[in-house]
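# Per-entry structural report
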Amino acid sequence: MADSSFDIVSKVERQEVDNALNQTGKEISQRYDFKGTNASIEWSGEKIVMQANGEDRVKAILDVFQSKLIKRGISLKALETGEPQLSGKEYKIFATIQEGISQDNAKKVAKVIRDEGPKGIKAQVQGDELRVSSKSRDDLQTVIALLKGKDFDFALQFVNYR
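Notes on the structure in this doc start here. (Residues numbered from 1 in each chain as written. Predicted model: local features only at pLDDT ≥ 70, side-chain atom pairs only at ≥ 80, totals over all residues. Heavy atoms only, no water.)

Quick look at the overall build of the protein now. Helices and strands together make up the secondary structure of the protein, namely four helices and nine strands. Overall, the protein shows an N-to-C arrangement of helices and strands of β-α-β-β-α-β-β-β-α-β-β-α-β. Its C-alpha atoms give the protein a radius of gyration of 20 Å, clearly above 15 Å, the size a compact globule of 162 residues would have. The C-alpha extent of the protein, read off along each of the three principal axes, is 65 × 25 × 25 Å. (Helix = DSSP H or I, 4+ residues; strand = E, 2+ residues; numbered from the N terminus. Rg over C-alpha atoms; globule rule 2.2 N^0.38 Å.)

Shown next, in the form of structure tokens:
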């Protein structure tokens, strides 16, 4: 019988991020506490730019955006934000969406699988994802449960289970 396998990836649905961004924009345009603060949130290339005329206001925009991401099922571990920066009279926060598992992070996950997972599990780094294979599907389920129990500093999804 052929080995069963699944892939561990770190991907974010761009459309869901767009939807969260649009909902945030709509909410800040309608909320009373954002009136007259020149508050905005938008894409700027691959970055998300939040700006307002006060540091507390721009942090509030970030808070609203994070809550919208959570409601859409996107892990906040995929969102990397900077500190508020003063640019002229405006405060700005730049944020990026992290995708893909770096080589170092893939090695960390593979080490956890080797050290704590069932015997006979193979983990191979393939670009920005990790392929886990075994003869037993039950062992693969055990590995998924093990990894869900761990707290990595990046988001993980399990795909291509076969």
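Bringing the packing of aromatic side chains into the picture now. By the definition in use, this model includes three aromatic pairs. Taken together, the ring pairs connect Phe6, Phe158 and Tyr161 into an aromatic cluster. Positioned above the aromatic ring of phenylalanine 94 is the side chain of lysine 47, whose terminal nitrogen or guanidinium carbon lies 5.7 Å from the ring centre. (Phe/Tyr/Trp six-rings, centres within 6.5 Å; stacked < 30°, edge-to-face > 60°. Lys NZ or Arg CZ within 6 Å of the ring centre and 35° of its normal.)

This paragraph deals with the pattern of salt bridges. In total, this model carries 13 salt bridges according to the counting rule given. Among the ionic pairs, glutamate 46 bridges to arginine 14, the shortest N-O distance being 3.6 Å. Here glutamate 46, found in the loop between strand 2 (40-44) and strand 3 (47-52), pairs with arginine 14, found in helix 1 (residues 14-30); they are 32 residues apart in sequence, far enough to count as distant. Within the structure, one salt-bridge network assembled from shared partners comprises Glu27, Arg31, Asp33, Arg57 and Lys68. (Salt bridge = Lys/Arg side-chain N within 4 Å of Asp/Glu carboxyl O.)

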